[in-house]
Amino acid sequence: MLISSIKNEILTAVEAACQNQFGQKPETLKLGYPPQVELGDFTVECFPLAKQFRQNPAQIAQAIAAKIEPSKSIQSVAAVGPYLNVKIYNRALFGGVCDEIVQQGERLGNTDMGRGQRVMVEYLSPNTNKPLHLGHIRNGVLGMGVSNLLEATGHTVIKANLVNDRGVHICKSMLAWQKWGDDGTPETTDTKGDHFVGDWYVRYAQEEDKHPDLEQETQGMLLKWESGDPETLKLWEMMNGWVYDGFGETYQKLGLEFDAFYYESQTYNLGKDLIQDGLQKGAFVVAEDGAVIAKLPVDEFGTQRDGSQKVETLLRSDGTSVYITQDLGTAKMKFDEHQLDRSIYVVGSEQNYHFQCLFKLLDMLGFEWALGCYHLSYGMVNLPEGKMKSREGTVIDADDLIEEMFQLAADEIRGRDSEGELSDEEVQKRAFAIGMAAIKFYLLRVRPELTINFDPKESISFDGFTGPYCQYAYARCASILRRAQMQDFASVEADFSLLGNEEELQLIRALIQFPEVVEEAARDLSPARICNHLFTVAQTVNQFYHKHPVLAAENPPLIQARLALINASAAVIKKALALLGIETLEEM
RNA sequence: GCGCCCGUAGCUCAGUUGGAUAGAGCACCUGACUUCUAAUCAGGUGGUCGCAGGUUCGAAUCCUGCCGGGCGUGCCA
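For clarity, every value in this text was computed on a predicted model and none was experimentally measured.

About the thresholds
Going along each chain's sequence as written, the residues are numbered from 1 onward. Both sets of labels track the order of writing: A upward for chains, 1 upward for ligands. Per-residue local features of the predicted model are confined to residues with pLDDT of at least 70, and side-chain atom pairs are confined, for both listing and counting, to 80 or more; whole-chain, interface and lining totals are unaffected and use all residues. Each side-chain value is worked out from all heavy atoms of the structure, with water and hydrogens disregarded. Two strands are said to pair when DSSP picks up at least two bridges between them. Put simply, DSSP H or I for four residues or longer makes a helix, DSSP E for two residues or longer makes a strand, and each gets a number counted from the N terminus. Any Lys or Arg side-chain nitrogen found within 4 Å of a carboxyl oxygen on Asp or Glu counts as a salt bridge. Relative accessibility decides the category of a residue: with a 1.4 Å probe and only protein chains considered, values under 20% of the type maximum give buried, values over 50% give exposed, and everything between is partly exposed. Throughout the structure description, domain borders are defined by an automatic or database domain assignment. We define buried area as the total accessible area lost by two parts upon association, computed with a 1.4 Å probe and summed across both. Under the grouping applied here, Gly and all other residues not named as nonpolar or charged are polar, the nonpolar ones being Ala, Val, Leu, Ile, Met, Phe, Trp, Tyr, Cys and Pro and the charged ones Asp, Glu, Lys and Arg. Between the first and last residue of a helix there are one fewer steps than residues, each counted as 1.5 Å, and that sum is the expected span. Residue contacts are defined here by distance: any two heavy atoms, one from each residue, within 4.5 Å place the two residues in contact. Residue proximity to a molecule or strand is established when one non-hydrogen atom of the residue lies within 4 Å of it. Polar contact is the term for a pair of N or O atoms within 3.5 Å; when the atoms are in protein, one must be able to donate a hydrogen and the other to accept it, and sequence-neighboring residues count only if both atoms are side-chain atoms. Only C-alpha atoms enter the line fits that serve as axes; for helices the fit covers just the stretch in contact. Angles between N-to-C directions range over 0 to 180 degrees. Just so you know how the angles are binned, under 35 degrees is roughly parallel, over 145 roughly antiparallel, 65 to 115 roughly perpendicular, and the rest oblique. A clockwise turn of the near helix away from the far one marks a right-handed crossing, whereas an anticlockwise turn of less than a right angle marks a left-handed crossing. Throughout, right-handed denotes a crossover for which the path from the first strand over the helix to the second runs clockwise when the strands point away from the viewer.

*Asks:* Describe the sheet that holds strand β10 (residues 311-315), listing the residues and the values that go with them.
*Replies:* One open sheet holds the 3 strands; their spatial order is β8-β9-β10, and the pairing between them is antiparallel. Unpaired on one side and paired on the other, β8 (285-286) and β10 mark the two borders of the sheet. As paired elements, strand β9 (residues 292-295) and β10 share 4 bridges and run antiparallel to each other. If you follow K295 over to β10, its bridge partner there is V311.

And the structure:
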């Protein structure tokens, strides 16, 4: 018996009862869950029916409850105030859910909500002059998490990375290396490529104060690059290559994947023709100084300080393009190349205004797909001392943090392994999985739009509302299931009617809700919803674990039923963690 | 000035899109390992849901106005 059939059975029964009692079917029926499991497994709110049938909702509940007879799955229906609480036979409830979860396998929790929809998720999008930092990690895990959610709900997802590989910033690194680098390379200095290039960027900043003419040299180099000077291009390609090698390592550690890479060196000239179209259509205008601008509607953008209408520059007065010029072109290219229905940009909230403009401009150009563009904005990651500032050296480096989490987890594991039974390899494997789980969960557990105050102590915690806590609940389930395999219960059939204590009911409810949570999370583009529900499941598993023995339960049919419940719970935890990009461990 | 975001327990956050008595984690106090892993569990302490109105049978949730904080605000990205 599928859980969806149970739900349908309830809805059908209520519809029939309404037909019987009031002569018409209800217009809307919402199936929910009672606040306490003792009250029932499902509930139907009678408030909407009150309007339709012009009666007090409590009376309606009473009347309907009286008309519903127990059926295949429905054990009883009770009217409690305006609520219709439905109790399902434990046999059907537990048996149905556990069987269904096993059958679904990898597809557990997946839905076809987004079937046929093509979505691009652009995320990370780093500059190539510096290594990645904590903010990039938030972006990366959010981008991956959202992509996973969209895939689980049936969307076709294209994960894209728009690399900012050109401009003054990279020229600064190039110039510094050229002047003082002595032909050093990441290999000769044993430095990770992106850090190597980043070091030259820092060196540039240091020398800038002493050499005021450096800036002019940088501009000169940028001009050479733009004119296609072979030597400059060669240097540029070499240094970017080092950066990509470095980024690649970090992506792999964090489990970040991309289906498409865009490079600004190839896109920065896009968009100019769109601007011309816009001018012809009259969407844009040429300002007195020669720049092409767009006037932004006051009702959406407000006014300037002096009260006048806001404007956005689309082409500089010298005719060259600005950032938003190429963004317009790239946006169109994405839709043209991939036949997208939606295009999501995972970019920090400091660019809220930029994307509001971008999408409005696309709309002004008459692209109907502009409605499919969405800026998934996320808050900054601040430190206890305040904002991360590269000048003050307070930026938390991504690779350093990954290493630190790994070491902390390794110390913890060794501390628990007093007998020294674990091989170094095993310790490292677990430490990596646990360390990454801690940092990813910490960054994903709050809504994207919230600013995170990065508390180092809390972020490295393995207790409470954390990734390792959830991994631990899984490992416990896995341990029970392993032991069960060594014993011989297989000949006995599970008797699900023996289940039904409070912890079991709470557990089964959390498992039932999982697919709904996945859909909500996908709809809201919020992996935090998965974190919250995952934690509830893990917490409930731990409570059940302490209160009720599985392998030492009273009789084999009960043991088998509880094993099935544990198996189903483990599967849900594993899938939820996978959606967050977090590994599970069979042993911790 | 204007636009967007945030405001719930000492701290960090949930709150099923308007429904049953507002929930967790951390911190603090007390208890539970010869029993499937104590990275765990049980109990206790802790609330004018920023303030004031409004809509509704019903508001932390929707509307209006304030207060406080953050990010932005035409030729940077």
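*Asks:* Give me the lowdown on the pattern of salt bridges, citing residues and values where you can.
*Replies:* All chains considered together, the criterion is met by 23 salt bridges. Notably, a salt bridge pairs E503 with K547, separated by 3.3 Å at the nearest N-O pair. Here E503 is found in helix α20 (residues 502-524), whereas its partner K547 is found in helix α21 (residues 527-547), with 44 residues between them in sequence. Given a relative accessible area of 54%, K547 falls into the exposed group.

*Asks:* Mind laying out the domain arrangement of chain A, listing which residues take part and the relevant values?
*Replies:* Per the domain assignment, the segments making up chain A are domain 1 (3-88), domain 2 (123-387) and domain 3 (400-579). Just the C-alpha atoms count here: the centres of domain 1 and domain 3 sit 34 Å apart. Of the roughly 740 Å² buried between domain 1 and domain 3 on both sides combined, carbon and sulfur atoms contribute 56%. In this structure, the connection of domain 1 to domain 3 is made through 1 salt bridge. Between K7 and E516 there is a salt bridge, with its nearest N and O atoms 2.9 Å apart. In the side of domain 1 that touches domain 3, the residues fall into 6 nonpolar, 2 polar and 4 charged.

*Asks:* So what's going on with unusual backbone geometry? Which residues, and what values?
*Replies:* Despite not being glycine, D190 has its phi angle at roughly 55°, a positive value. Here D190 is to be found in the loop between α7 (186-189) and α8 (193-210). Accessibility expressed as a relative area gives 73% for D190, which makes it exposed. Despite not being glycine, L525 has its phi angle at roughly 50°, a positive value. You can see L525 is positioned in the loop between α20 and α21.

*Asks:* Now, about helix α9 (residues 214-226): what can you tell me, with residues and values included?
*Replies:* Between its terminal C-alpha atoms α9 stretches 18 Å, which fits the 18 Å expected from 13 residues at 1.5 Å a residue. Of the surrounding secondary structure, the elements contacted by the buried residues of α9 are α6 (168-180), α8, α10 (230-254) and α11 (264-267). One or two positions beyond α9, positive phi appears at G228, with a value near 80°.

*Asks:* Which residues make up the protein's contact with RNA strand B, and what values go with them?
*Replies:* Near RNA strand B there are 73 residues, and of these Y83, D289, K310, R316 and Y472 occur at the shortest range. A breakdown of the atoms of RNA strand B within 4 Å of the protein gives sugar and phosphate a share of 60%. T303 has a polar backbone atom sitting 2.7 Å from a base nitrogen of RNA strand B. At a separation of 2.7 Å, a base nitrogen of RNA strand B approaches a polar side-chain atom of R523. In terms of residues, the surface near RNA strand B owes the most to one element, α21, which gives 8 residues.

*Asks:* Report on the sheet that holds strand β2 (residues 42-45), specifying residues and quantitative values.
*Replies:* With respect to topology, 4 strands assemble into an open sheet ordered β1-β2-β4-β3, the strand pairing being antiparallel. Two strands in the sheet have a free side with no partner beyond their single neighbour: β1 (31-32) and β3 (74-80). The sheet contact formed by β3 and strand β4 (residues 83-88) spans 6 bridges and is antiparallel. Residue pairing for β4: V77 is matched across the bridge by V86.

*Asks:* So, the pairing of β2: which residues are in play, and what are the values?
*Replies:* Walk down a regular strand and you will see the side chains alternate between the two sheet faces. Judged from the 2 bridges that link them, β1 and β2 form a sheet pairing that is antiparallel. Within β2, the position partnered with G32 by the bridge is T43. Direction of pairing for β2 relative to β4: antiparallel, over a ladder of 4 bridges. Along β4, the bridge assignment pairs F42 with V86.

*Asks:* Run through the packing of α21 against helix α22 (residues 556-579), naming residues and quoting values.
*Replies:* For any two helices packed against each other, the geometry is given by the interaxial angle and the distance between the axes. At their nearest, the axes of α21 and α22 sit 10 Å apart, and the two run at 155° to each other. If you check the angle between α21 and α22, you find them roughly antiparallel. At the point where α21 passes α22, the crossing takes the left-handed sense. Along its contact with α21, which presents I530, L534, V537, A538, V541 and F544, the element α22 presents R562, I566, S569, V572, I573, A576, L577 and L579. Looking at the contact of α21 with α22 residue by residue, the class counts come to 12 nonpolar, 1 polar and 1 charged.

*Asks:* Account for the side chain of K192, with residues named and values stated.
*Replies:* By the element assignment, K192 lies in the loop between α7 and α8. A distance of 2.8 Å separates polar atoms of two side chains, one belonging to K192 and the other to T250. The residues contacting K192, other than those within four sequence positions of it, are G246, F247, E249, T250 and D399.

*Asks:* So, the environment of I158: which residues are in play, and what are the values?
*Replies:* With respect to the helices and strands, the residue I158 is situated in strand β6 (residues 156-163). Separated by 39 residues in sequence, I158 and V119 place their C-alpha atoms 6.2 Å apart. Contacts of I158, omitting those with residues within four sequence positions, involve R118, V119, M120, V121, D259, A260, H338 and L340.

*Asks:* Go over the pairing of strand β5 (residues 118-122) with me, naming the residues and quoting the values.
*Replies:* Most of β5 is tucked away: 4 of the 5 residues are buried. In this structure, β5 lies alongside β6, joined through 5 bridges in parallel fashion. The residue bridging M120 from the neighbouring strand is I158, located in β6. Regarding the hand of the β-α-β motif, the stretch spanning β5, helix α5 (residues 134-152) and β6 is right-handed. Direction of pairing for β5 relative to strand β11 (residues 342-348): parallel, over a ladder of 4 bridges. Its bridge partner lying in β11, E122 is registered against Y345.

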